[in-house]
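# Tertiary structure, described
So you can see what is in the structure, the chains are spelled out below.
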Amino acid sequence: MRTLFRLALGTGLAWSAAGAQTAPVHGVRPARLIIRNATVVDGNGTPAKGPFDIVVEGGTITQMIPLDAVAGRSAGSRRARADSNTAEIDATGKYVLPGLINAHAHLQDERGGTAQPIEYELKIWLASGITTVRDVGSPTTKALEWRDASAKGTLAAPRILVYPQFGRPTNADSARARVRSLKRQGVDGIKLLGIDRDIMQVMEEEAHKAGLRVAHHVGVEETNAWDDIHFGTTSIEHWYGIPDAAILDRVQGFPSYYNYNNETDRFRWAGHLWREADPKRLDTVLDSMVARHVAWVPTFDIYEASRDLQRAQTQPWFTDYLHPTLAEYFKPDPANHGSYFFGWSSTDETFWKENYKIWMNAVREFEQKGGLVGAGDDAGFIYQMYGFGLIRELELHQEAGFSPIKVIQHATGNNARILGKEDEIGRVRQGFKADLIVVNGNPLENLKVLYATGVDDVKNGQAVHTGGVEWTIKDGIPYNGPTLMREVKDIVAKARASRPTKADKTDRSDPR
Ligand SMILES: [Zn+2]
């Protein structure tokens, strides 16, 4: 059917004759950009439609010209006109989506104290179709600088929203002062991680007054989802706090030796958490989150090593694209957050597999009840790479039972709502920011086509390597996916070549 469509459209359309067709220049915003003949998957949970000519002027989508597939011959007169300042992308047979939004990201220019160039992460994000990230914990001053440079177009990066970690003020006054000082610094929101209930209450009051949104990574602590429901948290990150709020005895059945600060204990017993949630109580928790508009960004991908360590450790893109600093950080090491795989057993993985089933069902039910589900990858920890982690997250949303149309909505329109930017981004719509991706393949059939390394397929009996995001357009600036990945590969190759060998390291060690 698709082939017939394209054939019908291909006849009688001589749009390129109207002006010299010019390919976009990587990283340079053209005065006018036309994406021709695009099949569009919007970010609002509606099916694919098209084809369209999409016209971008400056940083804005200014026209969506529908090309009637049935009456293809007469559509020619309505095609967008190109002049000498127009760049054009032929999207025939390709899919155009809103740029993906990564709602749980960390800007990282080091891992475990070793430098890693920020461009490495930013380029993989762009190559993965990510045009916006919500940073939920990084060095705040640097993050604000990167945010502003990205906004000015001087740094090749997604849009950045900065939600600094709140820290742990010890009294109400200092909590209020901390909110006000963050507001003065110009942050976009605040990230909570481990907080006492009384401090959380005043902090949220102050944040609402200041117009700052709150993302909460609930720790194993005295607060749980009921506090988010009562105090008005914008989004619960990950999942902790939700099953906890549904445990009838109010505390998980930890073994006597459990110590939260021992990450092997912590992640091992987290794998037993969902089974302890009372299903009826969980239903009430989910209903209450929906009623009070608490969104949920589950980050399934970041715990996947706990249910399948070998899969996590052998991802194919590690070969050419895993930076040696990140590779080192991923290795089991009690000093690095998330590097807890000591004695990780088949029993641990089996508990985690069950944990995922209950968790995925809960996220699905939450959306069925009317809850707002977002998507983020939390990459840079636990074997998850930037960008690839978000695409894996989308696959896991599909595994949870969501259709790809809904999955794409999670990463676009829904995330835009979580960020409070639903009038600007997350849609392919006239008047919205020109944050668009041109995908080689149909993500509604296979979300894997979004991976920056592409997919293997067969065409006319021949093996072909295809897929990938061909163009990521952020704020009207086109970035070529394969070009970005070549640059990333180069960054990694150079870093590997200049990395001290093990022998060098031994030579320099403390002569104790
Ligand atoms: Zn995180």
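Refer to the structure presented above.
First, a word on what this report is: a plain description of the structure on this page. (Residues numbered from 1 in each chain as written. Predicted model: local features only at pLDDT ≥ 70, side-chain atom pairs only at ≥ 80, totals over all residues. Heavy atoms only, no water.)

This brings us to the pairing of strand β2 (residues 49-57). Here strand β1 (residues 32-40) pairs with β2 via 6 bridges, running antiparallel. Within the sheet, the bridge partner assigned to Ile35 lies in β2 and is Ile54. Two elements, β2 and strand β3 (residues 60-66), share 6 bridges in a ladder whose sense is antiparallel. Following the sheet pairing, Asp53 is matched in β3 by Ile65. Where β2 folds back onto β3 in an antiparallel hairpin, the turn is made up of 2 residues, including Gly58, whose phi is positive at roughly 65°. (Pairing = 2+ DSSP bridges. Helix = DSSP H or I, 4+ residues; strand = E, 2+ residues; numbered from the N terminus.)

Right, let's get into the coordination of the zinc ion. The coordination sphere of the zinc ion, as far as protein atoms go, consists of His104 (NE2), His106 (NE2) and Asp378 (OD), spread over 2.1 to 2.2 Å. Ordering the donors of the zinc ion by residue number gives the pattern H-x1-H-x271-D. Taken together, the residues His106 in the loop between β6 (100-105) and β7 (110-111) and Asp378 in the loop between α14 (346-368) and α15 (388-399) connect sequence positions 272 residues apart. (Donors = N, O, S within 2.8 Å, 3.2 Å for Na, K, Ca; no water.)

Taken in spatial order, the 4 strands of this open sheet run β11-β12-β13-β14, and their pairing is parallel. Unpaired on one side and paired on the other, β11 (189-193) and β14 (295-297) mark the two borders of the sheet. Between one strand axis and the next, the sheet turns through 25° on average, direction left out of account. Strand direction decides the pairing type here: β11 and strand β12 (residues 213-217), joined by 5 bridges, are parallel. Along β12, the bridge assignment pairs Leu192 with His216. The strands touched by helix α16 (residues 404-419) are β12, β13 (235-237) and β14; relative to β12, the strand with the most contacts, the crossing angle is about 110°. (Axes fitted to C-alpha atoms, helices over the stretch in contact; angles between N-to-C directions. Contact = heavy atoms within 4.5 Å.)

On to the sheet that holds strand β9 (residues 130-135). If you trace the 3 strands from one edge of the open sheet to the other, you get β6-β9-β10, paired in parallel fashion. Because the sheet does not close on itself, it has two edges, and the strands there are β6 and β10 (159-162). Strand-to-strand twist in this sheet, taken as the mean axis angle between neighbours without regard to direction, amounts to 15°. The pairing of β6 with β9 spans 4 bridges and is parallel. Of the residues in β9, the one forming a bridge with Ala105 is Asp135. Contacting β6 and β9, α15 runs over the sheet at an angle of about 100° to β6. With respect to the sheet, α16 is in contact with β6, β9 and β10, its orientation differing from that of β6 by roughly 50°.

This part is about the packing of aromatic side chains. Taken as a whole and assessed by the stated rule, the structure comprises 29 aromatic pairs. When the ring of Tyr240 is compared with that of Tyr303, the centres are 5.9 Å apart and the planes differ by 85°; the resulting orientation is edge-to-face. Taken together, the positions of Tyr240 in the loop between β13 and α8 (263-270) and Tyr303 in the loop between β14 and α10 (304-307) put the pair 63 residues apart, joining distant regions of the chain. The class of Tyr240 is buried, set by a relative accessible area of 7%. Relative accessible area serves as the criterion here: at 3%, Tyr303 is assigned to the buried category. Of note, Arg111 hangs over the ring of Phe381, and the distance from its end group to the ring centre comes to 4.9 Å. Lying across the ring of Tyr356, Arg307 places its NZ or CZ 4.7 Å from the centre. (Phe/Tyr/Trp six-rings, centres within 6.5 Å; stacked < 30°, edge-to-face > 60°. Buried < 20%, exposed > 50% of the residue type's maximum accessible area, 1.4 Å probe, protein only. Lys NZ or Arg CZ within 6 Å of the ring centre and 35° of its normal.)

Another aspect to go through is the packing of helix α3 (residues 118-127) against helix α17 (residues 481-498). The interhelical angle for the contact between α3 and α17, taken along N-to-C directions, is 155°, at an axis separation of 9 Å. One finds that α3 runs roughly antiparallel with respect to α17. As for how α3 packs across α17, the hand of that crossing is left-handed. Residues Glu119, Tyr120, Lys123, Ile124, Leu126 and Ala127 of α3 form the contact with α17, whose own contacting residues are Gly481, Leu484, Met485, Glu487, Val488, Ile491 and Val492. Partitioned by chemical class, the residues of the contact of α3 with α17 number 9 nonpolar, 1 polar and 3 charged. (Parallel < 35°, antiparallel > 145°, perpendicular 65-115°, else oblique. Left-handed = near helix turned anticlockwise from the far one by under 90°. Nonpolar A, V, L, I, M, F, W, Y, C, P; charged D, E, K, R; others polar.)

Mapped onto the elements, Gly129 comes out in the loop between α3 and β9. Given the relative accessible area of 0%, Gly129 is considered buried. Apart from residues lying up to four places away in sequence, Gly129 is in contact with Gly99, Leu100, Ile437, Val469 and Thr472.

Any functional reading would require information beyond the geometric quantities listed.
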